[in-house]
Amino acid sequence: MPPKRDMEYDSMSDSDEEMSDGNLCKKSRYQKGSTEYTKRRERNNIAVRKSREKSRAKAKETSEQVNRLRSENEMLEQKVQILSKELSVLKDLFLAHAGSVSQSCAGSNNTKEEASTDHEYSKMNSQ
(Lines give C-alpha, C1' and ligand atoms only; values in the text may rest on other atoms or scores of the structure.)
Protein backbone atom coordinates (compact mmCIF):
# COMPACT_ATOMS: atom_id res chain seq x y z
CA MET A 1 0.00 0.00 0.00
CA PRO A 2 1.57 3.31 -1.01
CA PRO A 3 2.14 5.88 1.73
CA LYS A 4 -0.38 8.71 2.03
CA ARG A 5 0.67 11.91 0.35
CA ASP A 6 0.51 15.14 2.20
CA MET A 7 -1.72 17.68 0.49
CA GLU A 8 1.03 19.76 -1.04
CA TYR A 9 -0.62 21.76 -3.76
CA ASP A 10 2.32 24.04 -4.39
CA SER A 11 4.58 21.14 -5.47
CA MET A 12 2.51 20.38 -8.58
CA SER A 13 3.95 21.25 -11.94
CA ASP A 14 2.15 23.60 -14.31
CA SER A 15 1.26 20.72 -16.62
CA ASP A 16 -0.45 18.89 -13.71
CA GLU A 17 -2.45 22.00 -12.82
CA GLU A 18 -3.98 22.58 -16.23
CA MET A 19 -6.93 20.59 -17.49
CA SER A 20 -7.57 19.84 -21.15
CA ASP A 21 -9.63 23.03 -21.65
CA GLY A 22 -6.97 25.26 -20.16
CA ASN A 23 -8.66 25.81 -16.75
CA LEU A 24 -6.73 25.24 -13.56
CA CYS A 25 -7.57 22.21 -11.39
CA LYS A 26 -9.40 22.82 -8.14
CA LYS A 27 -6.40 21.59 -6.15
CA SER A 28 -4.09 24.22 -7.55
CA ARG A 29 -6.23 27.16 -6.38
CA TYR A 30 -4.91 27.08 -2.82
CA GLN A 31 -1.24 27.45 -2.20
CA LYS A 32 0.05 25.81 0.94
CA GLY A 33 0.37 28.44 3.62
CA SER A 34 -2.24 30.75 2.12
CA THR A 35 -5.07 31.94 4.37
CA GLU A 36 -7.70 30.14 2.28
CA TYR A 37 -5.70 26.89 2.45
CA THR A 38 -5.27 27.30 6.22
CA LYS A 39 -8.99 27.93 6.71
CA ARG A 40 -9.93 24.91 4.63
CA ARG A 41 -7.45 22.68 6.50
CA GLU A 42 -8.79 23.94 9.82
CA ARG A 43 -12.39 23.23 8.79
CA ASN A 44 -11.38 19.81 7.54
CA ASN A 45 -9.56 19.03 10.80
CA ILE A 46 -12.66 20.06 12.78
CA ALA A 47 -14.86 17.87 10.56
CA VAL A 48 -12.49 14.92 11.02
CA ARG A 49 -12.46 15.37 14.81
CA LYS A 50 -16.25 15.58 14.87
CA SER A 51 -16.59 12.49 12.69
CA ARG A 52 -14.18 10.48 14.83
CA GLU A 53 -15.89 11.59 18.04
CA LYS A 54 -19.25 10.57 16.59
CA SER A 55 -17.77 7.20 15.62
CA ARG A 56 -16.37 6.69 19.14
CA ALA A 57 -19.72 7.61 20.70
CA LYS A 58 -21.54 5.14 18.44
CA ALA A 59 -19.03 2.39 19.28
CA LYS A 60 -19.43 3.13 23.00
CA GLU A 61 -23.23 3.06 22.72
CA THR A 62 -23.10 -0.23 20.84
CA SER A 63 -20.77 -1.71 23.46
CA GLU A 64 -23.08 -0.60 26.28
CA GLN A 65 -26.07 -2.11 24.48
CA VAL A 66 -24.20 -5.40 24.01
CA ASN A 67 -23.36 -5.49 27.73
CA ARG A 68 -26.96 -4.67 28.66
CA LEU A 69 -28.31 -7.40 26.37
CA ARG A 70 -25.80 -9.95 27.69
CA SER A 71 -26.88 -9.19 31.25
CA GLU A 72 -30.54 -9.47 30.31
CA ASN A 73 -29.85 -12.75 28.52
CA GLU A 74 -28.12 -14.22 31.59
CA MET A 75 -31.05 -13.17 33.76
CA LEU A 76 -33.54 -14.75 31.34
CA GLU A 77 -31.50 -17.97 31.19
CA GLN A 78 -31.59 -18.19 35.00
CA LYS A 79 -35.33 -17.62 34.93
CA VAL A 80 -35.73 -20.42 32.36
CA GLN A 81 -33.75 -22.78 34.63
CA ILE A 82 -35.88 -21.89 37.66
CA LEU A 83 -39.13 -22.33 35.72
CA SER A 84 -37.91 -25.64 34.26
CA LYS A 85 -37.18 -26.95 37.77
CA GLU A 86 -40.57 -25.72 38.98
CA LEU A 87 -42.29 -27.43 36.04
CA SER A 88 -40.46 -30.66 36.80
CA VAL A 89 -41.51 -30.54 40.47
CA LEU A 90 -45.12 -29.83 39.55
CA LYS A 91 -45.14 -32.65 36.99
CA ASP A 92 -43.81 -35.06 39.61
CA LEU A 93 -46.46 -33.92 42.11
CA PHE A 94 -49.20 -34.25 39.51
CA LEU A 95 -48.06 -37.72 38.43
CA ALA A 96 -47.74 -38.86 42.05
CA HIS A 97 -51.23 -37.56 42.84
CA ALA A 98 -52.70 -39.03 39.64
CA GLY A 99 -51.10 -42.38 40.43
CA SER A 100 -52.44 -42.45 44.00
CA VAL A 101 -55.95 -41.45 42.87
CA SER A 102 -56.05 -44.11 40.19
CA GLN A 103 -54.85 -46.75 42.66
CA SER A 104 -57.44 -45.79 45.26
CA CYS A 105 -60.22 -45.79 42.66
CA ALA A 106 -59.16 -49.20 41.33
CA GLY A 107 -58.69 -50.70 44.80
CA SER A 108 -61.99 -49.51 46.26
CA ASN A 109 -65.39 -50.93 45.40
CA ASN A 110 -67.32 -47.81 46.42
CA THR A 111 -70.31 -46.95 44.32
CA LYS A 112 -71.32 -43.45 43.39
CA GLU A 113 -73.80 -43.38 46.26
CA GLU A 114 -71.17 -44.25 48.83
CA ALA A 115 -68.82 -41.65 47.40
CA SER A 116 -71.49 -38.98 47.53
CA THR A 117 -72.41 -40.00 51.11
CA ASP A 118 -68.75 -39.72 52.12
CA HIS A 119 -68.63 -36.37 50.51
CA GLU A 120 -71.75 -35.09 52.25
CA TYR A 121 -70.43 -36.40 55.59
CA SER A 122 -67.16 -34.50 55.14
CA LYS A 123 -69.14 -31.32 54.42
CA MET A 124 -71.16 -31.70 57.64
CA ASN A 125 -68.05 -32.26 59.78
CA SER A 126 -66.31 -29.23 58.40
CA GLN A 127 -69.17 -26.92 59.45
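Residues numbered from 1 in each chain as written. Predicted model: local features only at pLDDT ≥ 70, side-chain atom pairs only at ≥ 80, totals over all residues. Heavy atoms only, no water.

A word on the overall build of the protein
So, point 1. Helix and strand counts for the protein come out as 3 helices and 0 strands.
So, point 2. In the protein, the succession of α and β elements from N to C terminus is α-α-α. (Helix = DSSP H or I, 4+ residues; strand = E, 2+ residues; numbered from the N terminus.)

Re the pattern of salt bridges
So, point 1. Taken as a whole and assessed by the stated rule, the structure comprises 2 salt bridges.
So, point 2. Residue Arg40 is joined to Glu36 by a salt bridge in which the shortest nitrogen-to-oxygen separation is 3.2 Å. Taken together, the residues Arg40 and Glu36, both in helix H2 (residues 35–107) and 4 residues apart, mark about one turn of the helix.
So, point 3. When its relative accessible area of 31% is taken as the criterion, Glu36 is described as partly exposed.
So, point 4. Of the charged contacts, one joins Arg56 and Glu53 as a salt bridge, the two residues approaching to 3.2 Å between their closest N and O atoms. Separated by 3 residues within a single helix, Arg56 and Glu53 lie in helix H2, roughly one turn from each other.
So, point 5. Accessibility expressed as a relative area gives 47% for Glu53, which makes it partly exposed. (Salt bridge = Lys/Arg side-chain N within 4 Å of Asp/Glu carboxyl O. Buried < 20%, exposed > 50% of the residue type's maximum accessible area, 1.4 Å probe, protein only.)

Some thoughts on the confidence of the model for the protein
So, point 1. Chain-level pLDDT for the protein is 77 on average; 61% of the residues reach the 70-or-more range.
So, point 2. Within the protein, no element has a lower average pLDDT than helix H1 (residues 14–17), which sits at 45, and none a higher one than H2, at 94.
So, point 3. Note on residues 8–25: pLDDT is under 50 here. Beyond four places in sequence and across chains, it has 18 contacts. (pLDDT = per-residue confidence, 0-100. Contact = heavy atoms within 4.5 Å.)

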